[in-house]
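# Structural features, examined
Below are the chains, spelled out letter by letter.
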Amino acid sequence: MSSVLPLLAAWFVAVAIPGPDFVAVLRTSAAHGRRAGLSVAVGVVGGMACWATCALVGLSAVIARYEHLYLAIRATGAVLLFLYGVRVLIGAIRGHHHDPTAVDEGQRARYVHRSYWRLGLFTNLANPKAVVFFGALFASLLPHGLSVAGRAGVLGAILAIGLGWYVVVASAASSAPVVAAYRRAGRAIDMVAGTVFAVTGIALVPRN
């Protein structure tokens, strides 16, 4: 266990740094409540599971070797993040807190939290740099010769840390003071959130 503590510590620092995942969980929790924020958080962790598993089984090296594959994934992620940011900005400009996951009221009970889950999943999967990060993290800090069971344990610990952090974020963001602040300054907050997503999407656009 002690041999993987540096890796887990580095991962905790990385996951706690605010980024698109953080903004998605924070905004959703403040605007739509703790359950909605937790659904986004579970989706984010699902994306982490995909990227971390790819890195553990060596697919990060494959993606790095075949640049066209990496660029295709990155371009798709850039489009997804940019479009989400634009939709949030449009809602803010129109004067209401636009929810890109909104569905008809008749379908809400069945589908809405699945939609929030997809938002978290796609927000995380939209950044293919994650697989490169995990590849570098495991290459530098994963103990050499770790068994399959040990690797599975590391993966579980990584996901538990990620989920724990975003549960804290969702709980804090859905607290009464934060919700009240969001209601007072929702348009400005949505403008900032939409800009973060749109700019992140533009930054991910592959360049020669």
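Residues numbered from 1 in each chain as written. Predicted model: local features only at pLDDT ≥ 70, side-chain atom pairs only at ≥ 80, totals over all residues. Heavy atoms only, no water.

### Here's the deal with the overall build of the protein chain
- When helices and strands are tallied, the protein chain shows nine helices and zero strands.
- Taking as baseline every contact in the protein chain between residues at least 6 positions apart, the subset at least 24 positions apart corresponds to 84%.
- Counting only carbon and sulfur atoms, one obtains 68% of the accessible surface of the protein chain, whose full area is about 10700 Å². (Helix = DSSP H or I, 4+ residues; strand = E, 2+ residues; numbered from the N terminus. Contact = heavy atoms within 4.5 Å. Areas by Shrake-Rupley, 256 points an atom, 1.4 Å probe, with all protein chains shown as cover.)

### Some points on the state of the cysteines
- Applying the stated criterion to the full structure yields zero disulfides.
- Among the cysteines around Cys50, which has no disulfide bond, Cys54 carries the closest sulfur, lying 6.8 Å off. (Disulfide = S-S within 2.5 Å.)

### As for the pattern of salt bridges
- Summed over all chains, the structure comprises one salt bridge.
- Residue Asp190 pairs with Arg27 through a salt bridge whose shortest N-O separation is 2.9 Å. Here the residue Asp190 occupies a position in helix α9 (residues 176-204), and Arg27 occupies one in helix α2 (residues 20-32), the gap between them amounting to 163 residues. (Salt bridge = Lys/Arg side-chain N within 4 Å of Asp/Glu carboxyl O.)

### Here we look at the environment of Gly120
- Residue placement: Gly120 occurs in helix α6 (residues 105-125).
- Distance in space between the C-alpha atoms of Gly120 and Val45 is 8.0 Å, their sequence separation being 75 residues.
- Not counting the four nearest positions on each side in its chain, Gly120 is found in contact with Val40, Gly43 and Val44.

### What to know about the packing of helix α3 (residues 34-56) against helix α7 (residues 129-141)
- Following both chains from N to C, one finds α3 and α7 inclined at 50 degrees, their axes separated by 8 Å at the closest point. With respect to α7, the axis of α3 lies oblique. α3 and α7 meet at a crossing whose hand is right-handed. Contact residues: Met48, Trp51, Ala52, Cys54, Ala55 and Leu56 in α3; Ala130, Val131, Phe134, Gly135 and Phe138 in α7.
- Partitioning the contact of α3 with α7 into residue classes produces 10 nonpolar, one polar and no charged. (Axes fitted to C-alpha atoms, helices over the stretch in contact; angles between N-to-C directions. Parallel < 35°, antiparallel > 145°, perpendicular 65-115°, else oblique. Left-handed = near helix turned anticlockwise from the far one by under 90°. Nonpolar A, V, L, I, M, F, W, Y, C, P; charged D, E, K, R; others polar.)

### Section: a nonpolar patch on the surface
- On the surface, Val79, Phe82, Leu83 and Ile202 cluster together into a nonpolar patch covering about 340 Å² of accessible area.
- Per-element accounting of the nonpolar patch gives the leading share, three residues, to helix α5 (residues 67-93).
- Mapping Leu83 onto the fold places it in helix α5.
- Leu83 sits in the partly exposed class, given a relative accessible area of 45%. (Patch = residues over 30% accessible without salt bridge, like charges linked within 9 Å, V, L, I, M, F, W, Y side chains within 5 Å. Buried < 20%, exposed > 50% of the residue type's maximum accessible area, 1.4 Å probe, protein only.)

### Examining the packing of aromatic side chains
- On inspection of all chains with the given rule, the structure shows six aromatic pairs.
- Here Trp11 and Phe134 contribute two aromatic rings whose centre-to-centre distance is 5.1 Å and whose plane-to-plane angle is 35 degrees, an arrangement assigned as tilted. Here Trp11, found in helix α1 (residues 5-16), pairs with Phe134, found in helix α7; they are 123 residues apart in sequence, far enough to count as distant.
- Owing to a relative accessible area of 5%, Trp11 belongs among the buried residues under this scheme. (Phe/Tyr/Trp six-rings, centres within 6.5 Å; stacked < 30°, edge-to-face > 60°.)

### As for the side chain of Thr123
- Among the secondary structure elements, Thr123 is positioned in helix α6.
- Classification of Thr123 as buried rests on a relative accessible area of 6%.
- Polar contacts involving the side chain of Thr123 include one to the main-chain carbonyl oxygen of Leu119, which spans 2.6 Å.
- The residues touching Thr123, leaving out its near neighbours within four places in the chain, are Pro20, Asp21, Ala24, Leu81 and Phe197. (Polar contact = N/O pair within 3.5 Å; in protein donor to acceptor, adjacent residues only side chain to side chain.)

### Here's the deal with α7
- Taking 1.5 Å of rise per residue, 13 residues should cover 18 Å, and α7 covers 18 Å from first to last C-alpha, within 8% of that figure.
- Along α7, the residues classified as buried are Ala130, Val131, Phe134, Gly135, Leu137 and Phe138. For α7, the buried positions fall inside an angular range of 165 degrees around the axis, keeping them on one side. Residues of α7 that are exposed and point over 90 degrees away from its buried face: Ala139 and Ser140. (Expected span 1.5 Å × (residues − 1). Arc of directions from axis to C-beta.)

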